[in-house]
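# Structural overview
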Amino acid sequence: NSKVDGATWEDVAAVLAHLSKPASNYVRLKYEPMNDYAYKRWYAKTLASTAKYVLSMRDRNGSLVCEEWPVGKLMALVHLAVDVDIHPHICDQCKGRGNALVVGKLENCTVCGGTGKRKITHAYCAKRLGVTSPAYTQLWKRRHDVIQSALTEWERELHSLLKMHL
């Protein structure tokens, strides 16, 4: 996907220097058209910079957010969050269109809610992390959400800069 809100890759590239390093790596991975070799290189850079960023995150009290996270699970969570965000699963019902023809009328897909993306279940996340669904829900979901929030913030940062640039 090389377009963001109608912006071209060239528009995105013009604002990269104004993003933080982890945000810039993430944006390049997500939006820059690239060959397999370059993709693997940027994927590794994105995982490393995202993990480093998450390790430095602090809560409202100034405590490290992931102080007691096992490093192996942290990397698995980073992989999961980046993969789910960069490669959204296409909805089986609408085939990614977000809508379907119902009795001759175009309506939002009821399975994905019009996003075109299949919902990622706790069971899927648990399997990717090698934990049980209850363990994922009780312990790892909150941690996954922390990483996902960083990716969402970087996306917002990009959109904000693009609005100023365009």
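Numbering of residues starts from 1 in every chain and runs along the sequence as written. Local features in this predicted model are restricted to residues of pLDDT 70 or higher, and side-chain atom pairs are both shown and tallied only at a pLDDT of 80 or more, whereas totals for entire chains, interfaces and linings draw on every residue. To get the side-chain values, all heavy atoms of the structure are used, and hydrogens and water are removed first.

## Topic: the packing of aromatic side chains
Basically, it comes down to this: When the centres of two rings from Phe, Tyr and Trp lie within 6.5 Å, Trp using its six-membered ring, the rings pair. Their planes under 30 degrees apart give stacked, over 60 give edge-to-face, and anything left gives tilted. Strands are runs of DSSP state E lasting at least 2 residues, helices are runs of H or I lasting at least 4, and numbering of each runs from the N terminus. Remark: exposure states derive from per-residue accessible area (1.4 Å probe, protein chains only) relative to the maximum for the residue type, with buried under 20%, exposed over 50%, and partly exposed in between.
Here the structure, examined in full by the defined rule, presents 3 aromatic pairs. Relative to Trp 154, the ring of Tyr 26 has its centre 5.9 Å away and its plane inclined at 50 degrees; by these criteria the two rings are tilted. Of this pair, Tyr 26 sits in helix H2 (residues 21–31) while Trp 154 sits in helix H6 (residues 133–165); the two residues are 128 residues apart in sequence, bridging distant segments of the chain. Neither residue differs from the other here; Tyr 26 and Trp 154 are each classed as buried.

## Some points on the pairing of strand S2 (residues 105–108)
Note the cut-off: Here, strands pair whenever DSSP counts at least two bridges between them.
Sheet analysis places strand S1 (residues 99–102) next to S2, joined by 4 bridges and oriented antiparallel. By the bridge assignment for S2, Ala 100 is matched with Glu 107. A loop of 2 residues connects S1 with S2, the two strands running antiparallel in sequence, and Val 103 in this loop sits at a positive phi of about 50 degrees.

## Some points on helix H4 (residues 71–86)
What counts, and what does not: Multiply 1.5 Å by the residue count of a helix minus one, and that product is the helix's expected span. By definition in these notes, contact holds between two residues if any of their heavy atoms fall within 4.5 Å.
The first and last C-alpha atoms of H4 sit 22 Å apart over 16 residues, in line with the 22 Å expected at 1.5 Å per residue. What H4 keeps buried is the set Leu 74, Leu 77, Val 78, Leu 80, Ala 81, Val 82, Asp 83, Val 84, Asp 85 and Ile 86. Each element contacted by the buried residues of H4 is listed here: H2, helix H3 (36–56), helix H5 (122–129) and H6.

## Overview of the layout of surface pockets
Rule in force here: Put simply, the grid is 1 Å and covers the protein atoms alone, a cavity is a trapped set of points that fit a 1.4 Å probe, a pocket is an open set with protein on both sides within 12 Å along at least five of seven lines, and lining residues have an atom within 4 Å of a point. Grid points are joined across faces, edges and corners, and a volume is the space filled by probe spheres set on the points. Any residue that is not Ala, Val, Leu, Ile, Met, Phe, Trp, Tyr, Cys, Pro, Asp, Glu, Lys or Arg is counted as polar, Gly included; the first ten are nonpolar and the last four charged.
Considered as a void within the structure, the largest pocket measures approximately 590 Å³ in volume. In this structure, the largest pocket is lined by 27 residues; those nearest its centre are Val 84, Asp 85, His 87, Pro 88 and Lys 117. Considering every element that reaches the lining of the largest pocket, the biggest residue donor is H6, with 5 residues. Of the residues in the lining of the largest pocket, the class split is 11 nonpolar, 8 polar and 8 charged.

## Here we look at the confidence of the model for the protein chain
Quick reminder of the rule: pLDDT measures how confident the predictor is about each residue, on a scale from 0 to 100.
Within the protein chain, residue pLDDT values average 86, and 97% of them lie at 70 or more. The weakest mean pLDDT in the protein chain belongs to S1 at 79; the strongest belongs to H5 at 91.

## Structural notes on the packing of H2 against H4
Just so we agree on the cut-off: Between the N-to-C directions of two axes lies an angle of 0 to 180 degrees, each axis being a line fitted to C-alpha atoms and, for a helix, fitted only over the stretch in contact. With respect to orientation, any angle under 35 degrees is reported as roughly parallel, any angle over 145 as roughly antiparallel, any angle of 65 to 115 as roughly perpendicular, and every other angle as oblique. Left-handed describes a crossing in which the near helix is turned anticlockwise from the far one by less than a right angle; the clockwise case is right-handed.
The interhelical angle for the contact between H2 and H4, taken along N-to-C directions, is 45 degrees, at an axis separation of 10 Å. Taken together, the axis directions place H2 and H4 in an arrangement best described as oblique. In the packing of H2 onto H4, the handedness of the crossing is right-handed. Of H4, the residues touching H2 (which contributes Tyr 26, Leu 29 and Lys 30) are Val 82, Asp 85 and Ile 86. Looking at the contact of H2 with H4 residue by residue, the classes come out as 4 nonpolar, no polar and 2 charged.

## As for the side chain of Asn 25
Mapped onto the secondary structure, Asn 25 falls in helix H2. Given the relative accessible area of 6%, Asn 25 is considered buried. Residue contacts for Asn 25: discarding those within four places in its chain leaves Trp 42, Lys 45, Thr 46 and Ser 49.

## Some details on the pattern of salt bridges
So the rule is basically this: By salt bridge we mean one thing: a side-chain nitrogen of Lys or Arg within 4 Å of a carboxyl oxygen of Asp or Glu.
The full count for this structure, using the stated rule, is 6 salt bridges. Its salt-bridge partner being Arg 28, residue Glu 32 comes within 2.9 Å of it at the nearest N-O pair. By relative accessible area, Arg 28 is classed as partly exposed at 22%. A salt bridge links Asp 85 to Lys 30, with the shortest nitrogen-to-oxygen separation between them at 3.3 Å. With Asp 85 in helix H4 and Lys 30 in helix H2, this residue pair connects regions lying 55 residues apart in the sequence.

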